[in-house]
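Geometric and topological summary
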Amino acid sequence: MPTTDRYTFQFEEMVEMMVKRAGITEGRWTLSVEFAIGAINVSQPNTEVYKPAAIVPIVGIGIQRVAETDPWTNLMFDAGQLTK
């Protein structure tokens, strides 16, 4: 059996896994990503010319409940599917 070094998931699959892990069984949930922002001066390769740059790290990934009336997107999962 071959060894797998990487797994890739669709957004809806990630939300489904988090909903299951949290024990949620009702409501519509969407992916939530929290970013931070930082600044740094960087030089171009082989020069001493510096330019300001932004660093935007991901500091958290989670889920957030959305209203039943919100339009459906590929970032959502309906927790009610788990009880059917």
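One structure accompanies this document, and this report is about it.

Parameters at a glance
Residues numbered from 1 in each chain as written. Predicted model: local features only at pLDDT ≥ 70, side-chain atom pairs only at ≥ 80, totals over all residues. Heavy atoms only, no water. Buried < 20%, exposed > 50% of the residue type's maximum accessible area, 1.4 Å probe, protein only. Helix = DSSP H or I, 4+ residues; strand = E, 2+ residues; numbered from the N terminus. Pairing = 2+ DSSP bridges. Expected span 1.5 Å × (residues − 1). Salt bridge = Lys/Arg side-chain N within 4 Å of Asp/Glu carboxyl O. Core = buried A, V, L, I, M, F, W, Y, C linked by side-chain atoms within 4.5 Å. Contact = heavy atoms within 4.5 Å. Axes fitted to C-alpha atoms, helices over the stretch in contact; angles between N-to-C directions.

Moving on, we come to the pairing of strand 3 (residues 50–55). Residues in a regular strand project their side chains so that they alternate between the two faces of the sheet. Of all six residues making up strand 3, only zero are buried, and the element is barely covered by its neighbours. Sheet topology note: the strand 2 (residues 38–43)/strand 3 ladder contains six bridges and is antiparallel. Looking across to strand 3, one finds that Gly38 is bridged to Ile55. Adjacent in sequence and paired antiparallel, strand 2 and strand 3 are bridged by six residues, among which Asn46 carries a positive phi angle near 60°.

This part covers the environment of Gln10. One can find Gln10 in the segment before helix 1 (11–22). Once the C-alpha coordinates of Gln10 and Val56 are considered, the two residues, 46 residues apart in sequence, prove to be 22 Å apart.

Between its first and last C-alpha, helix 1 extends 17 Å over twelve residues, near the 16 Å set by a 1.5 Å rise per residue. Once helix 1 finishes, Gly23 follows within two positions and takes phi at roughly 75°, a positive value.

Take unusual backbone geometry next. Unlike most non-glycine residues, Asn46 shows phi in positive territory, near 60°. Positionally, Asn46 belongs in the loop between strand 2 and strand 3. By relative accessible area, Asn46 is classed as exposed at 83%.

Now for the pattern of salt bridges. Counting across every chain of the model gives one salt bridge. One salt bridge in this structure joins Lys20 and Glu16, with 3.1 Å as the shortest N-O distance. Here Lys20 and its partner Glu16 are both found in helix 1, four residues apart, which amounts to about one turn of the helix. The class for Lys20 is partly exposed, based on a relative accessible area of 49%.

Attention now goes to the nonpolar core. Counting residues in each nonpolar core, the largest one holds seven residues, listed as Val15, Val19, Ile24, Trp29, Leu31, Phe77 and Ala79. Sequence-distant contacts of Phe77, defined by excluding residues within four places in its chain, comprise Glu12, Val15, Glu16, Val19, Gly27, Arg28, Trp29, Trp72 and Leu82.

So, about the sheet that holds strand 1 (residues 28–35). Reading across from one edge, 4-1-5 is the order of the three strands in this open sheet, with antiparallel pairing throughout. Strands with a single pairing partner mark the edges of an open sheet, and in this sheet they are strand 4 (58–66) and strand 5 (76–78). Across this sheet, the average inter-strand angle for adjacent strands is 30°, counted without regard to direction. In this sheet, strand 4 lies alongside strand 1 in antiparallel orientation, the contact comprising eight bridges. What sits directly across from Ser32, in strand 4, is Gly62.

Geometric descriptors of this kind do not, in isolation, establish any biological role.
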